[in-house]
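# An overview of the molecular structure
These are the residues of each chain, in order.
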Amino acid sequence: MFAQSAFRTRCACWLSVIGILLLFGGCAEEPSALERVQAEGVLRVITRNSPATYFQDRNGETGFEYELVKRLADDLGVKLQIETADNLDELFASLSKPNGPVLAAAGLVKSDGRQQHARFSLPYLEVTPQVIYRNGQQRPTRPADLIGKRILVLKGSSHAEQLQALKLELPDLVFEESAAVEVVDLLRMVDEGQIDLTLVDSNELAMNQVYFPNVRVAFDIGDEQSLAWAVAPGEDSSLLNEINAFLERAQKNGSLQRLKDRYYGHVDVLGYVGAYTFAKHLQQRLPRYEGFFRQAAQKHEVDWRLLAAMGYQESLWQPTATSKTGVRGLMMLTLRTAQAMGVADRLNPKQSIEGGAKYIAYVKSQLPESIQEPDRTWFALASYNVGGGHLEDARKLTEAEGLNPDKWLDVQKILPRLSQKQWYSKTRHGYARGGEPVHFVRNIRRYYDILTWVTQPQLEGTQVAEGSLHVPGIDKRQPNEQTPPL
Ligand code: BLG
């Protein structure tokens with residue numbers, strides 16, 4: 001009796017479970033790609049570990065692709081989880097895997113060959129493929145000049161596709177592909193003469209020219225192409241639509257342009273000559289002073305790369321530099337500042353660096369508490385250059401304009417007014433070349449970014465390694481949840 005009723009109860013149970021399953025199976029639809037991301041609370045993105053995409057710097061994770069995709073994740077209200085692929089074939093393979101990453105953000109050219117492996121977003125950057133050669137070698141000027149040269153490109157890259165197509169017209173063209181290298185390796189190999197030529201996209205050269213003094217553009221090969229993000233080919237359009245809407249917003253509100261300027265604007269700011277001159281000085285001059293920068297920075301609790309960037313702006317790392325106004329030495333101390341900082345010989349690089357470090361720490365400590373980082377650092381630099389009194393005048397004028405005197409973006413707009421009588425006559429400290437600190441800060445920020453990129457975080461804390469500069473890559477640290485400031 002008991003057994004029979006237990007059997008009946010069990011049957012009823014099973015029937016109701018089957019009923020529920022049928023009910024759900026019949027009514028509930030598969031969640032869309034976007035709904036899945038939102039339900040998981042994580043946006044899984046695959047990228048490449050390289051300076052133009054994703055790498056580690058003083059703030060943790062960074063890179064053009066990282067910063068853009070982090071903003072997308074923030075907009076979606078989900079966490080960002082970055083995965084890296086060792087090469088492009090692996091990247092597309094993981095994108096196609098079920099339960100793999102949902103998006104590839106890796107400086108990918110939207111090429112015809114790739115449309116079968118992925119669906120691309122709207123473009124976010126236009127680039128031109130370029131043939132790169134070594135300065136001092138004969139400059140190739142057209143595709144036929146590639147014949148007989150040692151050429152290496154990334155395996156599975158749009159450049160490999162391009163060369164393959166070119167081979168139909170030029171059967172004698174020979175080139176190799178490697179899955180074991182990144183763009184920085186290709187450029188280094190050209191720089192050092194291990195290969196004759198490579199092909200990279202213009203944005204990658206713009207970013208990397210500052211590391212490699214000998215690489216030059218031979219010629220543009222082919223038309224402008226678009227970089228875009230990619231989602232798996234089988235996915236529905238929900239995520240892709242959301243991504244496209246995000247990219248349109250980033251285009252409209254200027255955040256995309258700011259990212260482009262920051263990562264690819266070196267050549268715009270430094271010019272090509274400035275970019276490879278910087279690279280040359282990085283190799284030849286900085287190693288002589290790196291130790292002094294590190295020691296002084298540690299003593300005065302400043303980032304040594306900021307000090308080094310200041311030293312480059314002031315003197316191009318030349319200890320005997322002298323300005324028209326009689327300011328002297330590697331860190332360009334006025335006589336008064338040198339005396340105040342206890343510097344006996346301004347032309348002695350160690351003393352100059354020590355004095356500069358002490359002075360920047362001092363002027364920073366004098367700033368009002370209301371100025372927060374990272375602006376605080378930019379204000380300290382301006383004060384180092386133009387003096388605290390004039391900077392305070394500019395802050396007052398900024399406030400009178402209804403702008404924020406604690407934001408560098410606002411104060412830098414007003415500073416140049418200090419050289420116009422209608423404005424400086426109203427200030428306490430009077431005339432100053434107000435444009436100078438604006439350039440000063442802008443250039444130092446640029447050099448500071450570059451120096452950050454060429455120094456690996458794992459080297460920090462280790463003592464003075466002369467010539468310890470590296471092109472970033474490889475190092476992987478714990479995810480940093482903050483979006484770095486633009
Ligand atoms: C700075 C001083 C400040 C001083 C301002 O001048 O020198 N900084 C240092 O010595 C580190 O102390 O402020 S004040 O003490 O409140 O008066 C204003 O006098 C130096 C600047 C001047 C600038 N370089 C460091 O950035 C310079 O040399 N400008 C001239 C360039 S050129 O000769 O016209 O090309």
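## Section: the overall build of the protein
- The number of helices and strands found in the protein is 19 helices and 13 strands.
- Out of the 486 residues belonging to the protein, those deemed buried represent 52%.
- For the protein, long-range pairs separated by at least 24 residues make up 69% of all intrachain contacts whose partners lie at least 6 apart in sequence.
- By element, 51% of the accessible surface of the protein is carried by carbon and sulfur atoms, the whole surface being about 23100 Å².

## Describing the nonpolar core
- Within the largest apolar cluster, 127 residues are counted, with the highest numbers of intra-cluster contacts made by Leu43, Leu103, Trp229, Phe278, Phe293, Leu307 and Trp317.
- Looking at this core, the element that brings in the most residues is helix H19 (residues 435–454), giving 10 residues.
- In this view, Phe293 contacts Leu286, Trp304, Leu307, Ala308, Gly311, Trp317, Leu330, Met331 and Ile353; residues no more than four positions away in its chain are not counted.
- Counting 16 residues, the second largest nonpolar core, distinct from the first, contains Ile151, Val153, Leu170 and Leu199.

## Things to note about the packing of helix H11 (residues 286–300) against helix H14 (residues 349–365)
- Running from N to C, H11 and H14 point in directions that differ by 30°, and their axes come no closer than 9 Å. Considering their axes alone, H11 and H14 lie roughly parallel with respect to each other. Here H11 and H14 pass one another in a crossing that is right-handed. Facing H11, whose interface residues are Tyr289, Phe292, Phe293, Gln295, Ala296, Lys299 and His300, H14 presents Pro349, Lys350, Ile353, Glu354, Ala357, Lys358 and Ala361.

## Description of the packing of aromatic side chains
- For the coordinates displayed, the defined rule picks out 16 aromatic pairs.
- The interplanar angle of 45° and the centroid separation of 5.8 Å between the aromatic rings of Tyr54 and Tyr66 together place this pair among those described as tilted. Here Tyr54 is found in the loop between strand E1 (42–47) and strand E2 (55–57), whereas its partner Tyr66 is found in helix H3 (residues 64–76), with 12 residues between them in sequence.
- Among the residues examined, Tyr66 registers a relative accessible area of 2% and is labelled buried.
- For the pair Phe278 and Tyr447, a centre-to-centre distance of 5.4 Å together with 5° between the ring planes defines the contact as stacked. Linking Phe278 in helix H10 (residues 266–284) with Tyr447 in helix H19, this pair joins segments that are 169 residues apart in sequence. The burial state of Phe278 is the same as that of Tyr447; both residues are buried.
- Grouped by ring-pair contacts, the aromatic residues Phe64, Tyr124, Trp229, Phe246 and Tyr263 constitute a single cluster.

## Considering the confidence of the model for the protein
- Here the protein averages 87 in pLDDT, while 87% of its residues score no lower than 70.
- Confidence drops under a pLDDT of 50 for residues 15–27, and excluding neighbours within four residues, the segment shows zero contacts in the predicted structure.
- Segment residues 457–486: pLDDT under 50, and 88 contacts once partners within four positions in sequence are set aside and those in other chains are kept.

## Considerations on the pattern of salt bridges
- Within the structure shown, the criterion is met by 21 salt bridges.
- Linking Asp75 and Arg249 is a salt bridge whose minimum nitrogen-to-oxygen distance equals 2.9 Å. Of the two residues, Asp75 sits in helix H3 while Arg249 sits in helix H8 (residues 238–252), which places them 174 residues apart along the sequence.
- Take Asp75: its relative accessible area is 47%, and that puts it in the partly exposed class.
- A salt bridge links Asp89 to Lys155, with the nearest nitrogen and oxygen atoms 2.9 Å apart. Separated by 66 residues along the polypeptide, Asp89 in helix H4 (residues 88–96) and Lys155 in the loop between strand E9 (152–154) and helix H5 (158–169) bring together distant segments of the chain.
- Residue Lys155 is classed as partly exposed on the basis of its relative accessible area, which comes to 35%.

## A word on the site of the ligand
- In the vicinity of the ligand there are 19 residues, among which Glu314, Lys324, Thr334, Tyr359 and Tyr384 approach most closely.
- Taking Thr334, its main chain carries an N or O atom lying 2.9 Å from an oxygen atom of the ligand.
- In the complex, 76% of the free accessible area of the ligand, which totals 720 Å², lies under the protein chains.
- Counting residues per element, the ones that place at least two in the shell around the ligand are helix H13 (335–340), helix H15 (375–386) and H19.
- Broken down by element, the residue count for the shell around the ligand peaks at three residues, all from H15.
- In terms of residue class, the shell around the ligand is built from seven nonpolar, seven polar and five charged.

Quick notes on the rules
- Residues numbered from 1 in each chain as written.
- Predicted model: local features only at pLDDT ≥ 70, side-chain atom pairs only at ≥ 80, totals over all residues.
- Heavy atoms only, no water.
- Helix = DSSP H or I, 4+ residues; strand = E, 2+ residues; numbered from the N terminus.
- Buried < 20%, exposed > 50% of the residue type's maximum accessible area, 1.4 Å probe, protein only.
- Contact = heavy atoms within 4.5 Å.
- Areas by Shrake-Rupley, 256 points an atom, 1.4 Å probe, with all protein chains shown as cover.
- Core = buried A, V, L, I, M, F, W, Y, C linked by side-chain atoms within 4.5 Å.
- Axes fitted to C-alpha atoms, helices over the stretch in contact; angles between N-to-C directions.
- Parallel < 35°, antiparallel > 145°, perpendicular 65-115°, else oblique.
- Left-handed = near helix turned anticlockwise from the far one by under 90°.
- Phe/Tyr/Trp six-rings, centres within 6.5 Å; stacked < 30°, edge-to-face > 60°.
- pLDDT = per-residue confidence, 0-100.
- Salt bridge = Lys/Arg side-chain N within 4 Å of Asp/Glu carboxyl O.
- Near = heavy atom within 4 Å.
- Polar contact = N/O pair within 3.5 Å; in protein donor to acceptor, adjacent residues only side chain to side chain.
- Nonpolar A, V, L, I, M, F, W, Y, C, P; charged D, E, K, R; others polar.

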